[in-house]
Amino acid sequence: MVVAANRLPVDRVVGPDGAPSWQRSPGGLVTAMEPVMRDRAAAWVGWAGEPEPALEPFHDDGVCLYPVSLSLAEVKDYYEGFSNGTLWPLYHDVIVQASFHRNWWNSYRSVNLRFARAIVQVASPGATVWVHDYQLQLVPAMVRALRPDLRIGWFNHIPFPPVELFAQLPWRRSLVEGLLGADFLGFQQTADAENFLRACRRLLGMSIKGDTVTFASAAGQPPRTVRASAIPISVDFKGLDALARTPGIGARAEQIRASLGNPEVLMLGVDRLDYTKGIRHRLKAYEELLQDGAISPPTVTFVQLALPSRERVGPYRLLREEVERTVGRINGEYSVLGSDAVHYLHHSYPRAEMVAMFLAADIMLVTPLRDGMNLVAKEYVTCRHDLRGALVLSEFTGAWHELHQAFTCNPHDIEGLKQTIMSAVTAPEDDRRRRMKALRRQVAHHDVQRWASVFLDSLASAPLKPYRTTVSSERERRAVQRAQRANLRASDTASERVSP
Ligand code: GDG
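Caption draft 1: The overall build of the protein chain, seen in detail. Secondary structure summary: the protein chain contains 18 helices and 18 strands in total. Considering only C-alpha atoms, the protein chain reaches an extent of 75 × 55 × 40 Å along its principal axes. Counting across all 500 residues of the protein chain, residues that qualify as buried make up 56%. Summarising the internal contacts of the protein chain: among those between residues at least 6 apart in sequence, 73% fall at separations of at least 24. Summed over its atoms, the accessible surface of the protein chain is roughly 21,000 Å², and 52% of this surface lies on carbon and sulfur atoms.

Now the structure itself:
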C-alpha cells in the first residue's frame, strides 16, 4: 500500500548537539493512520514540512518514507495559499472568506503532479494507493493517467461543502475530475458524500445512482463508475485505553489537578489553534459564566491547549492575537492569587501528557463551528475508563453524529452554550457515568482499525463495471446534462480549461 498525504507523519527536529532526527508529528491524520500503518507493509509519500532541500527516502518505525520537496514559493502558494487560504475556508462553511488566486491554483496543480509522479515511482504493479485529504484532490486522476494498473482510494478528512458553496471555486470542475480518477472516495459523513455527488451532477452533468457516479472516461473507453460514501474516522481505542490505564498516567493526572490547586471542576479544551474549532465562542461563554457568577476560580478552572497551527496564514495570526487578548482580559478580571481563571498553553505536548490531561479533566469542551470529525472528542471518552467526566460537543462536528450521549451544544448560541456547560457541570454522577459508558461503547465498536479496514475493503471491492440505466431514461438525462454542461462551461474560467 502506498499512502500519500500532504505531510509525512514525522517532523524534523534538531537536537541540542545539532544532530537532526525525526519525531512523530501531532495532528488528526497522523494520529489516525499510525495504527493502520503499523499493521501493514506500507510506504508514505509526503512533504517533510520544510521548504527544500529534497531529502532521500528513509525508514522510520518500519515505514518507508518518501519525501516530496516543495520550494519556498510552493509552500506559500500551494500549501498556505490554495490549500489553507482557498480550500480550507471554503470547505468549512466560509467561516472566514476564501481567497481565489490563479497563481495559487497553478502551484496546487504542479505540486499535485509532483506527488502523483512520486507515487507511481514507489508503487509496485497493481498496488493500492490511498490518497489523503483536500491538498491532493487532483492526484487520483493524475495517478490513473500515469498508471492505470493501480487501485486508487481517496479519503477526505474535512467536510465536503454543499454545491452552492463549492460552485464559487473557479476550478471546481477540475477538482471534481481530479477526484473521479479514484476507484473509491471516502468521506466523514453521508452529507459530505452527497454534497460531492451533487457537485458531479450539477457541475458536470453526470449520472448518479445511490452512492455511485457514472461518467464517460477518455474517448473510446468504456464509462467508469466511482463510489463515494461515508466512512467516519476514529481513534485507536484499544491502544489509547491501555495507555490511559497505566498507573503512571493516572498519577500524572492527579499531579496535574494538584498543580492547578485541586479545583472542583476542571474544564479542558484541546485544539489546533484554528478558527473552525470555536475557541473564541468557548471563551466568550466561559467569560460570561464568570461574569454571571455561575462559576469562579479556584473552584472552577479552565485549561486551553492550543496547538500552534499555520502561523503564517493571515486569519490564523489574527485568531491567535484575539484568543490571547481574550485570555489576558479574562485572567486580569477573574483570576485570584494562586489560581488563574484560564490556563492557556500554546505548544505541543507528548501523547502521554495529553492522555493524563484528558483523565484529569471533568468537562471536555469540544465546540467547533465546523469539523469533519474531531478526534479529540473520541480520544477523551476513550481515556475515561473510570466513567467520570463529561463531554460537551458541538452539533457541527462529525463526531456528534455518533456520540449521541454527549452534552450537545450549538456554539453560535452563546446562551445555549453556557446552559449546556452548566448542565454538564451539575449533572448527577450516575447520569454522567451512564452517558460515558454509552459513548465509550460507540467508540470501542467503531475504532480506527475498523475505519481503515472498511475503507480498504470498499476500495478493493469498488465497482469496476459501470452501472447502466435503461436506454429511454438515459437518453432523456443526457439531453438535460448536455444543456447543463454547456451552461456551466460558458461560465468557467479560461484557466480551468487547461487540462492538468
Ligand atoms: C483533521 C480534521 C478530523 C492536539 N494537540 C496535541 C495533539 N493533538 C492531537 C489530538 C488529535 C489531533 O491532534 C487533532 O485532531 P482533530 O480531529 O481534533 O482535528 P484536525 O487536526 O483539524 O484534523 C478533523 C481529523 O483530521 C482526522 O480525520 O477529525 O475533523 O479537521 O489527535 O489529540 N497531539 C499531541 N500533542 C498536542 O499538543 N501529541
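After that view of the structure, there is still more to cover.
Caption draft 2: Spotlight on the site of the ligand. Neighbouring the ligand are 24 residues, the closest being H157, Y349, D371, L375 and E379. A distance of 2.6 Å is found between an oxygen atom of the ligand and a side-chain nitrogen or oxygen belonging to H157. The contact in question runs from an oxygen atom of the ligand to an N or O atom on the side chain of K277, over 3.0 Å. At the level of secondary structure, the elements contributing two or more residues to the shell around the ligand comprise α1 (28–38), β13 (265–272), α12 (351–360) and α13 (375–383).

Caption draft 3: Structural context of the domain arrangement of the protein chain. As far as domains go, the protein chain holds domain 1 (2–233 + 450–497) and domain 2 (237–446). Taking only C-alpha atoms, the centre of domain 1 and the centre of domain 2 are 32 Å apart. If you look at the interface, domain 1 gives 24 residues, while domain 2 gives 25 residues. Across the interface of domain 1 and domain 2, roughly 2,000 Å² is buried in total on both sides, 61% from carbon and sulfur atoms. Joining domain 1 to domain 2, the criterion identifies 2 salt bridges. In this structure, the salt-bridge partner of R312 is E80, at a minimum N-O distance of 2.6 Å. Seen at the junction of domain 1 and domain 2, the total is 9 residue pairs in polar contact (both at pLDDT 80 or more). The greatest single-element share of the side of domain 1 that touches domain 2, amounting to 6 residues, is contributed by helix α2 (residues 72–91). Partitioned by chemical class, the residues of the side of domain 1 that touches domain 2 number 12 nonpolar, 7 polar and 5 charged.

Caption draft 4: Inspection of the environment of S423 at higher detail. Within the fold, S423 resides in helix α14 (residues 414–426). The class for S423 is partly exposed, based on a relative accessible area of 35%. A C-alpha to C-alpha distance of 7.8 Å links S423 and F407, two positions 16 residues apart in sequence.

Caption draft 5: Just the sheet that holds strand β15 (residues 342–345), in detail. One open sheet accounts for 6 strands, arranged β15-β14-β13-β16-β17-β18; its pairing is parallel. Of all strands in the sheet, those with a lone pairing partner are β15 and β18 (407–409), marking the two edges. Here the strands of the sheet are splayed against their neighbours by 20° on average, with no regard to which way each runs. The pairing of strand β14 (residues 300–307) with β15 spans 4 bridges and is parallel. Its bridge partner lying in β15, F302 is registered against V342. Strands β13, β14, β15 and β16 (363–366) of the sheet are contacted by helix α10 (residues 279–292), whose axis makes an angle of about 170° with β14. Lying over the sheet, helix α15 (residues 429–445) contacts β16, β17 (390–394) and β18, oriented at roughly 65° with respect to β17.

Caption draft 6: Spatial organisation of the sheet that holds strand β9 (residues 184–187). Taken in spatial order, the 10 strands make up an open sheet running β5-β6-β4-β1-β7-β8-β9-β12-β11-β10, and their pairing is mixed. At either end of the open sheet lies a strand with only one pairing partner, and these are β5 (58–60) and β10 (207–209). Looking at each pair of strands side by side, their axes are set apart by 25° on average, direction ignored. Examined bridge by bridge, β5 and strand β6 (residues 63–68) share 3 bridges and lie antiparallel to one another. Its bridge partner lying in β6, F58 is registered against L65.

Caption draft 7: Structural view of the pairing of strand β11 (residues 212–215). Here β11 shows two buried faces, one formed by T212 and T214 and the other by V213 and F215. In this antiparallel pair of consecutive strands, β10 and β11, the connection spans 2 residues, and G210 shows a positive phi of 60°.

Caption draft 8: Looking closely at the packing of aromatic side chains. Scanning the entire structure with this criterion turns up 24 aromatic pairs. Taking 5.1 Å as the distance between ring centres and 55° as the angle between the ring planes, the aromatic pair formed by Y275 and Y316 counts as tilted. Of this pair, Y275 sits in the loop between β13 and α10 while Y316 sits in helix α11 (residues 314–334), and the two are 41 residues apart along the sequence. An aromatic cluster of three or more residues is present, and its members are Y91, W154, F160, F166, F187 and F196. Lying across the ring of W47, R7 places its NZ or CZ 5.7 Å from the centre.

Caption draft 9: Just unusual backbone geometry, in detail. Along the chain, P297 connects to P298 via a cis peptide bond; the corresponding omega equals 10°. One can find P298 in the loop between α10 and β14. Although it is not a glycine, N262 adopts a positive phi angle of roughly 45°. Examined against the element boundaries, N262 turns out to sit in the loop between α9 (247–259) and β13. A positive phi angle is found at R310, which is not glycine, with a value near 40°.

Caption draft 10: Local environment of the environment of D430. Tracing the sequence through the fold places D430 in helix α15. With a relative accessible area of 57%, D430 lands in the exposed category. Separated by 42 residues in sequence, D430 and R388 have C-alpha atoms that sit 9.4 Å apart.

Caption draft 11: Structural detail: the pattern of salt bridges. In total, this model carries 32 salt bridges according to the counting rule given. Between E324 and R320 there is a salt bridge; the shortest N-O distance is 2.9 Å. With E324 and R320 both in helix α11 and 4 residues apart, this pair spans about one turn of that helix. Accessibility expressed as a relative area gives 30% for E324, which makes it partly exposed. Using a relative accessible area of 32% as the deciding quantity, one classes R320 as partly exposed. Notably, a salt bridge pairs D431 with R435, separated by 3.3 Å at the nearest N-O pair. Of this pair, D431 and R435 both sit in helix α15, 4 residues apart, which is roughly one turn of that helix.

Definitions and limits used
Residues numbered from 1 in each chain as written. Predicted model: local features only at pLDDT ≥ 70, side-chain atom pairs only at ≥ 80, totals over all residues. Heavy atoms only, no water. Helix = DSSP H or I, 4+ residues; strand = E, 2+ residues; numbered from the N terminus. Buried < 20%, exposed > 50% of the residue type's maximum accessible area, 1.4 Å probe, protein only. Contact = heavy atoms within 4.5 Å. Areas by Shrake-Rupley, 256 points an atom, 1.4 Å probe, with all protein chains shown as cover. Near = heavy atom within 4 Å. Polar contact = N/O pair within 3.5 Å; in protein donor to acceptor, adjacent residues only side chain to side chain. Domains from an automatic or database assignment. Buried area = accessible area lost by both parts, 1.4 Å probe. Salt bridge = Lys/Arg side-chain N within 4 Å of Asp/Glu carboxyl O. Nonpolar A, V, L, I, M, F, W, Y, C, P; charged D, E, K, R; others polar. Pairing = 2+ DSSP bridges. Axes fitted to C-alpha atoms, helices over the stretch in contact; angles between N-to-C directions. Phe/Tyr/Trp six-rings, centres within 6.5 Å; stacked < 30°, edge-to-face > 60°. Lys NZ or Arg CZ within 6 Å of the ring centre and 35° of its normal.

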